[in-house]
Amino acid sequence: MRPSPFHPRRWAVAAALTLAALAASAQIDLTGYWAFRVKDGGVNYMQLQQTGETVVSVSPAGRGGSLAGTLHDGKLHLAATGPRATAYDGAVENANRIAVTMQVTGRDAVKGTLERVTREEALPSRLPLPQLRDVPDNGLGRTPPMGWNSWNKFADVFDDSTVRGMADAMVASGMSKAGYTYIVVDEGWTSGRDANGNIAGNGKFPDMQALAAYVHSKGLKIGIYSSPGPQSCSGKMGGGYQGSYGHEEQDARTFAEWGYDYLKYDWCSAGGIYGPTREEHQGAYQKMGEALLKTGRPMVYSMCQYGVGDVWKWGAKAGGNLWRTTIDIADRWESMDRIGFAQLDIAGYVQPGHWNDPDMLEVGNGGMTADEYRTHMSLWCLLSAPLMAGNDLRTMTDETKSILMNPDVIAIDQDRGPRPVVRMSQQGTSEVLVRPLSGNAFAVGLFNRGNQPAEIGFRWDALKFDSGLYGFRRLQAQDVWKHEPVQVSGDTYTATVPSHAVVLLRVSIASGRGF
Ligand code: GLA
C-alpha cells in the first residue's frame, strides 16, 4: 500500500528538510567577493550583497554588468537582462563555494564554481602609473601588419591545435605568400600564474613556447594577448582570463622568452582599476610599451582600448604600432560600414610604424555578401589598416581567397605612398575615396552604401598628379577587383555600382611615350 501523502512520518521528514534548508540559507550570507571559475575558461570576479533572500551583484572589475536574484533553499539564482542575458544558477555547497551553471542566451551552458575570495584578489588596488614620456619607436610595422587573429571566428573556444592548423593553412592557402605573417592568439590561452607569479597557459594551451616554435617553423610570426587589467574582457567560456596588471615587465619578459613577436593588449578590466581619462590610458599602455622594449625582442605592440581619449593622437607616444580606433566589429554590413567610413576623419593620423586599427577583418565569416566583403577589404586597404584575417583559414571558399589575397588590393594597403586616403565626394550614400600612391598613382574607390544600384563617378582631372596636369599625359586605369583595364576617355569615369558594392581603380600615368 502506498503511504498516504498525509502520513505523519512523511510530514516529519518534510518539515525537517525544510527547516534544514532554511537554516542553511539563513546561516549563509553571500555578501562579499566571489570568483566564478570555469575549467580552462578564465575567471569572473563579482561582489555579492545579500539582504534576506535577495542577492545582487556588482562586477568590481571587468565589463560584466550587475546581476540580481535570490538565494532560496540553498539554491542561488542570479540574472542580468539585456540582449545577451546571463543567468547563474547554483547549489550552495558551503559558505565559500557554490556549484554554478552559467547560461548566456544563445550560447552553450557553462559549468563552474563560485568561490569566495579576498577583496584584494577581486578588486586589486591601483598601482601608480609611470610619468608620461615618449616611448622610443621600436622600428616595427613600417607597413600595416598583416596576419590572422583567433577572436572573430572562435572567441575563446579554440586551442593549441586550432592555432597550429591555422599556421599550416596560412602557408598552404597562399595567404603567407600574399603577405599575411602574424598568427595572433587572442583571449583564452591563460589559466593564471604559478607560484613565482609567471603567467601560464591553460589546458587548451599547455605549452605556449612550443606553439611559438611551431608557428616559427612555418616561416611565420606569432602574437599573444593580454590586458593592462587583472583580467581580460570575458570570453564565451565564463569569465576573463589572466591579465598583466602588476606583472607588466614580468609578462613582457615571458612573452619574449617564449618567442612571441606581437602583443595585443586589451583594456578590458583595466577599466575597474584606472580612470577613463586619456592620461590613465596612456600611462597604462606606456608601461607595457616600455616593458616590451626592455626585453630587447622585437614585438609589434597592438593597443586595443577602442579609441578612448583620441588614441590616434598619442598611441605612437605610448609605443604602439597599431591602435584600435573603435568598438568591436561584428560580421554584419551595418557594423562594418559604420566603423569603416567613420575612419576617414582620422585617416590623417597614420604614419609608417603607427596605424589606426578599425578592427580585424570579417571576410569569410559568412555574415556579409561577397560585394560587402569586397567593400570591407577595399575600405581597409584604402585606410592603410592592419589586415588581420578573422576567419577559418582551413576552410576558405575560392571567393574568400580571392578577396583576402587579391594582390593589387593588398598592394594598396601596403603602399608607402605620400598621403592618406581622403573623401573626394559624397552624395547621399555614394562616396568616392581617393588615396595617392607611390609612383605617381592613385587608388580610387567608388562605394555604394545604399540599398539600390547607383551611378557613381569622378572627374579624371580631380586626380592631381605630381608631374602636372593629367591632360598632358596618358593615364591608365585598372579595375583591381575585375582584373581588367578601364578605358580612360572623356572628362569623367562613371560606373553603375550595385548596392553595398565597390569599384576600386588604380590609376597611373602610362609608361612609355606621352600623349
Ligand atoms: C575585446 C576586443 C576584441 C577581443 C575581445 C576578447 O572586445 O576588442 O578584439 O580581443 O575583447 O574578449
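What counts and how
Residues numbered from 1 in each chain as written. Predicted model: local features only at pLDDT ≥ 70, side-chain atom pairs only at ≥ 80, totals over all residues. Heavy atoms only, no water. Helix = DSSP H or I, 4+ residues; strand = E, 2+ residues; numbered from the N terminus. Buried < 20%, exposed > 50% of the residue type's maximum accessible area, 1.4 Å probe, protein only. Areas by Shrake-Rupley, 256 points an atom, 1.4 Å probe, with all protein chains shown as cover. Lys, Arg positive; Asp, Glu negative; His and termini not counted. Charge placed at Lys NZ, Arg CZ, Asp CG, Glu CD. Disulfide = S-S within 2.5 Å. Near = heavy atom within 4 Å. Polar contact = N/O pair within 3.5 Å; in protein donor to acceptor, adjacent residues only side chain to side chain. Expected span 1.5 Å × (residues − 1). Contact = heavy atoms within 4.5 Å. Phe/Tyr/Trp six-rings, centres within 6.5 Å; stacked < 30°, edge-to-face > 60°. Lys NZ or Arg CZ within 6 Å of the ring centre and 35° of its normal. Salt bridge = Lys/Arg side-chain N within 4 Å of Asp/Glu carboxyl O. Axes fitted to C-alpha atoms, helices over the stretch in contact; angles between N-to-C directions. Parallel < 35°, antiparallel > 145°, perpendicular 65-115°, else oblique. Left-handed = near helix turned anticlockwise from the far one by under 90°. Nonpolar A, V, L, I, M, F, W, Y, C, P; charged D, E, K, R; others polar. pLDDT = per-residue confidence, 0-100. Pairing = 2+ DSSP bridges.

This paragraph deals with the overall build of the protein. Along its length, the protein carries 12 helices and 26 strands. Dimensions of the protein, computed from the C-alpha atoms along their principal axes, are close to 110 × 55 × 40 Å. For the protein, with 515 residues in total, the buried portion stands at 54%. Accessible surface, the protein: about 22,100 Å² in total, of which carbon and sulfur atoms supply 52%. Across the protein, the mean location of the 50 positive side-chain charges is 1 Å away from that of the 53 negative side-chain charges.

What the rule picks out here adds up to one disulfide. With its sulfur 2.0 Å from that of its partner, Cys233 forms a disulfide with Cys268. Judged by the torsion about the S-S bond (-85 degrees), the Cys233/Cys268 disulfide is left-handed. Placement of Cys233 in the loop between β13 (221-226) and α7 (248-258) and of Cys268 in the loop between β14 (262-266) and α8 (278-295) is noted, with a sequence separation of 35 residues between them. Owing to a relative accessible area of 7%, Cys233 belongs among the buried residues under this scheme.

With that settled, consider the site of the ligand. Asp186, Glu187, Lys264, Asp266 and Asp328 are the nearest of the 13 residues found near the ligand. Residue Lys264 places a side-chain N or O atom 2.8 Å away from an oxygen atom belonging to the ligand. Contact distances for the ligand include 2.5 Å between an oxygen atom and a side-chain N or O atom of Asp328. Here the ligand, which alone exposes 300 Å², has 100% of that area covered by the protein.

All right, on to α8 then. Between its terminal C-alpha atoms α8 stretches 26 Å, which fits the 26 Å expected from 18 residues at 1.5 Å a residue. What α8 keeps buried is the set Glu280, His281, Gln282, Gly283, Ala284, Tyr285, Gln286, Met288, Gly289, Ala291 and Leu292. Residues of α8 that are buried make contact with α7, β14 and β15 (300-304). Following α8 by one or two positions, Gly296 has its phi on the positive side, about 80 degrees.

Glancing now at helix α9 (residues 333-342). Summarising burial for α9: seven of the 10 residues are buried, a large majority. Residues Trp333, Ser335, Met336, Asp337, Ile339, Gly340 and Phe341 constitute the buried set of α9. Elements in contact with the buried residues of α9: α10 (370-382), β19 (422-427), β20 (430-437) and β21 (441-448).

Below, the discussion takes up the packing of aromatic side chains. According to the stated counting rule, one finds 19 aromatic pairs in the structure shown. With a centroid separation of 6.3 Å and 65 degrees between ring planes, the pair formed by Trp148 and Phe154 is classed as edge-to-face. A residue is classified by how much of its surface remains accessible, and Trp148, at 0% relative accessible area, is buried. Taking the centre distance of 5.1 Å and the plane angle of 50 degrees together, the rings of Tyr182 and Tyr262 count as tilted. Taken together, the residues span a long stretch of sequence, with Tyr182 in strand β10 (residues 182-184) and Tyr262 in strand β14 at a distance of 80 residues. Residue Tyr182 is classed as buried on the basis of its relative accessible area, which comes to 12%. Assessed through its relative accessible area of 3%, Tyr262 is described here as buried. Grouping aromatic residues by their ring pairs yields a cluster made of Tyr245, Tyr265, Trp267, Tyr274, Tyr285 and Tyr301. Here the basic side chain of Arg449 rests over the ring of Phe341, its NZ or CZ set 3.9 Å away from the ring centre.

Moving on, we come to the side chain of Gln282. The topology assignment puts Gln282 in helix α8. Other than its neighbours up to four places away in sequence, Gln282 contacts Leu132, Trp314, Lys317 and Ala318.

For the rest of this paragraph, the subject is unusual backbone geometry. A positive phi angle, near 50 degrees, is found at Ala155, a position not held by glycine. Tracing the chain through its elements places Ala155 in the loop between α3 (151-154) and α4 (160-172). Looking at Ala155, the relative accessible area reads 4%, which means it is buried. Not every positive phi belongs to a glycine, and His500 is a case in point at roughly 60 degrees. Judged by relative accessible area, which is 11%, His500 ranks as buried.

So, about the pattern of salt bridges. A full pass over the atoms with the stated rule returns 25 salt bridges. Of the charged contacts, one joins Asp359 and Arg324 as a salt bridge, the two residues approaching to 3.3 Å between their closest N and O atoms. With Asp359 in the loop between β17 (355-357) and α10 and Arg324 in strand β16 (residues 322-324), this residue pair connects regions lying 35 residues apart in the sequence. Accessibility assignment for this pair places Asp359 and Arg324 in one class, buried. Here Arg374 and Asp371 are joined by a salt bridge, their closest N and O atoms 3.2 Å apart. Taken as a pair, Arg374 and Asp371 lie in helix α10 at a separation of three residues, close to a single helical turn. Judged by its relative accessible area of 26%, Asp371 is partly exposed. Because the salt bridges share partners, they merge into one network encompassing Arg37, Glu93, Arg97, Glu115 and Glu121.

What follows is about the packing of α7 against α8. Contact geometry for α7 and α8: axes closest at 9 Å, N-to-C directions at 40 degrees. Comparing their axes, α8 and α7 come out oblique. Where α7 crosses over α8, the handedness of that crossing is right-handed. Counting all contacts with α7, which are made through Glu248, Glu249, Ala252, Arg253 and Ala256, the residues of α8 involved are Lys287, Met288, Ala291, Leu292, Lys294 and Thr295. For the contact of α7 with α8, the class distribution of residues is five nonpolar, one polar and five charged.

A few words on the confidence of the model for the protein. The share of residues in the protein with pLDDT of 70 or more is 91%, and the mean pLDDT across the chain is 92. Counted against residues more than four places away or in other chains, residues 1-6, with its pLDDT under 50, gives four contacts.

Below, the discussion takes up the sheet that holds strand β8 (residues 110-117). Taken together, the eight strands give a closed barrel; going around it, the order is β1-β2-β3-β4-β5-β6-β7-β8, and neighbouring strands pair in antiparallel fashion. In this sheet, adjacent strand axes meet at a mean angle of 30 degrees when their direction is disregarded. With six bridges connecting them, strand β7 (residues 97-104) and β8 associate as antiparallel partners. Across the sheet, the residue bridging to Met102 is Val110, located in β8.

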